[in-house]
Amino acid sequence: VQLQAYGGGLVQAGDSLTLSCAVSGRTFSSYPVGWFRQAPGKEREFVSVISSSGSRTYYADSVKGRFTISADNANNTVYLQMTGLKPEDTAIYYCASSGSIRWPPGRTPGDFNYWGQGTLVTVSS
C-alpha cells in the first residue's frame, strides 16, 4: 500500500490551499483515510478523517469550519481543502490509511498503518 501526499507550499495567513493524497495498492473504498500534521518540535496530531464511503467525516476542533476533507473514489485520491490558514497551521501534513474498517477510527497515529511521505505547509503571518 502506498500513499503519496502533495500540494503543500508557502502561503500567507488567510490563504487557501488544497492537499491531495493518492492511494494505491489497497482497495481504496474499504478503509478510512485521514490527515495528520506535525509541527516542528511537536507530536504528530490528528487533523481529519473520511470514511471509506466518503459520506462521513471528522475534524479536529482546531480546523473545524476551515478545512474540508473529501474523496474521489474513481481516482483513489483524498483531498484536504484548507481555507483561512493561520501561522499555527504550519506543519508537515501526512495522509494515512486506517488499520481498521470501523467507523469512526481511532485518531492517534497508531490507529493508521500506512503513511504517505508528508508535504510541507508553511503559513506566513
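Look a little higher up for the structure.
A short tour of the structure in this document, coming up. Because the structure is predicted, anything quoted here is derived from the model rather than measured.

Rules used throughout
Residues numbered from 1 in each chain as written. Predicted model: local features only at pLDDT ≥ 70, side-chain atom pairs only at ≥ 80, totals over all residues. Heavy atoms only, no water. Helix = DSSP H or I, 4+ residues; strand = E, 2+ residues; numbered from the N terminus. Buried < 20%, exposed > 50% of the residue type's maximum accessible area, 1.4 Å probe, protein only. Contact = heavy atoms within 4.5 Å. Areas by Shrake-Rupley, 256 points an atom, 1.4 Å probe, with all protein chains shown as cover. Lys, Arg positive; Asp, Glu negative; His and termini not counted. Charge placed at Lys NZ, Arg CZ, Asp CG, Glu CD.

Section: the overall build of the protein chain
Here comes step 1: If you tally the helices and strands in the protein chain, you get 0 helices and 11 strands.
Here comes step 2: C-alpha atoms of the protein chain, sized along the principal axes, occupy 40 × 30 × 25 Å.
Here comes step 3: When the 125 residues of the protein chain are sorted by exposure, 41% land in the buried category.
Here comes step 4: Relative to all contacts within the protein chain whose residues are 6 or more apart in sequence, the contacts with residues 24 or more apart total 59%.
Here comes step 5: In the form shown here, the protein chain has an accessible surface area of approximately 6,100 Å², with 46% of it arising from carbon and sulfur atoms.
Here comes step 6: Here the protein chain contributes 10 positive and 8 negative side-chain charges, whose respective centroids are spaced 6 Å apart.

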